[in-house]
Amino acid sequence: MRIRFLGTGGAEGIPAIGCSCAHCTRAAQEGGRLLRKRTAVLFSLPGYELLVDTPPDIRELLDINGVRKIHGIFLTHEHTDHTGGLEEFLYWGEGVDLFAEPRVYRRLMRNGRGKRMADVAFHLVVRPGTAVRFNDFSFIPFEVHHSVPCFGLAIYEGGRRVVHVADSGRRLSNYARCLIGGADALIVNTPSFEPVEAAHLSVEEAIALKEELGVKRLILTHIAHHNRPQDELEAYVAQFEGVTVAYDGLSIDI
Ligand SMILES: [Zn+2]
Ligand SMILES: [Zn+2]
Ligand SMILES: [Zn+2]
C-alpha cells in the first residue's frame with residue numbers, strides 16, 4: 001500500500017500563527033521541509049483511497065499533492081486540527097464515505113461541524129475492535145487515550161499491517177498493543193520531543209514503543225513547533241533502525 005503524508009504539522013502548523021520561536025523563524029526563512037501544514041494521511045488501498053482526517057488545510061493539501069480521488073474519510077477525533085476542513089468536501093463533487101465512531105460523529109454534529117456533510121457523505125459507523133472488511137483489505141479501529149474520544153486504525157492488506165495511532169497518550173490498551181505488535185509500519189503523532197503531557201506521545205516515547213513491540217518501521221508525524229526541526233529530528237532518529245520523520249508530501253510504499 002502507498003501511504004502519503006499530505007500534512008505533518010501539529011495542531012498549529014509550522015510556522016505557527018504569530019510565533020517567533022527559533023523553529024518557526026527558521027521555517028519562515030528556509031521553507032522546504034521545515035514547513036508543516038496540519039496532519040492528514042492518505043492510504044492508497046486496492047480500489048479505495050482512504051483519507052485519515054480533514055485538517056483546516058485539507059483543500060490546499062489535496063491541491064498541492066494532486067489528489068483527485070478520495071473514496072472514504074476516517075475521522076480519528078473531533079479536534080479542529082483533524083476535522084476543521086471537513087466541510088471542504090461539500091465541494092468535492094462526488095460522494096464520500098465518512099467513517100466515524102458514534103461519539104466522534106455526535107460531537108461533531110453537536111458542535112455544528114460537518115452538519116451539511118449528510119448531503120454529500122455516507123456516514124458509516126465504526127466501532128473499536130470491529131473490522132471493516134473490503135474485498136482486498138480491511139481495517140480495525142481501536143480506541144486510544146486522548147483528551148476526547150479518539151481512534152487509531154490497524155490496516156490489513158496483502159499480508160501487511162500498518163497501524164495509525166492518531167493522537168494518543170502513552171497509556172495504550174493491551175488490545176491496541178496487540179494490534180501494534182510486530183506491525184510492518186506504525187504511524188504515531190508526536191507533537192513534542194520529550195514527554196510533556198498525557199494526551200500525546202512524544203518522539204522519545206514513540207521510539208521506545210517501537211522497540212518494545214517489535215515494530216518494523218516507525219513513522220513520526222503531527223510535529224509541532226516546540227518539537228525539534230526536521231533536520232535535527234532526522235539526525236536524532238538516525239541512531240535507531242527503521243525510524244522515519246515524515247514531512248509534507250512524503251510518500252512511502254509498504
Ligand atoms: Zn492533533
Ligand atoms: Zn513557533
Ligand atoms: Zn487531538
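Quantities reported herein were computed from a predicted structural model and do not represent experimental measurements.

### Examining the overall build of the protein
In terms of helices and strands, the protein carries seven helices and 14 strands. Here the C-alpha radius of gyration of the protein, 17 Å, is about what a compact globule of 254 residues would show, namely 18 Å. Considering only C-alpha atoms, the protein reaches an extent of 45 × 40 × 30 Å along its principal axes. Residue pairs at least 24 apart in sequence account for 63% of intrachain contacts in the protein once pairs closer than 6 positions are excluded.

### Some remarks on the sheet that holds strand 11 (residues 185-189)
Taken in spatial order, the seven strands make up an open sheet running 7-8-9-10-11-12-13, and their pairing is mixed. The outermost strands of the open sheet, each flanked by one partner alone, are strand 7 (132-133) and strand 13 (243-245). With two bridges connecting them, strand 7 and strand 8 (residues 137-144) associate as antiparallel partners. Residue Val-132 lies in a different strand from strand 8, and its bridge partner there is Phe-139. On the sheet, helix 6 (residues 203-213) packs against strand 11, strand 12 (218-221) and strand 13 and is oriented at approximately 165 degrees with respect to strand 12.

### Section: the environment of Ile-140
Structurally, Ile-140 is set in strand 8. For the pair Ile-140 and Gly-181, spaced 41 residues apart in sequence, the C-alpha separation works out to 14 Å. Beyond its immediate stretch of four places on either side in the chain, Ile-140 contacts Gly-129, Ala-131, Ala-154 and Leu-179.

### A word on the pairing of strand 10 (residues 160-164)
If a strand is regular, its side chains alternate between the two faces of the sheet. For strand 10, a buried count of four out of five residues is recorded, marking the element as mostly surrounded by other parts of the structure. As defined by bridge partners, strand 9 (residues 150-157) adjoins strand 10 across five bridges and the pair is classed as antiparallel. Of the residues in strand 10, the one forming a bridge with Leu-153 is His-164. Pairing of strand 10 with strand 11, which is carried by three bridges, proceeds in the parallel orientation. Residue pairing for strand 11: Val-162 is matched across the bridge by Ala-185.

Conventions used here
- Residues numbered from 1 in each chain as written.
- Chains lettered and ligands numbered in written order.
- Predicted model: local features only at pLDDT ≥ 70, side-chain atom pairs only at ≥ 80, totals over all residues.
- Helix = DSSP H or I, 4+ residues; strand = E, 2+ residues; numbered from the N terminus.
- Rg over C-alpha atoms; globule rule 2.2 N^0.38 Å.
- Contact = placed C-beta atoms within 7 Å.
- Pairing = 2+ DSSP bridges.
- Axes fitted to C-alpha atoms, helices over the stretch in contact; angles between N-to-C directions.
- Buried ≥ 20, exposed ≤ 12 C-beta atoms within 10 Å, placed from the backbone.

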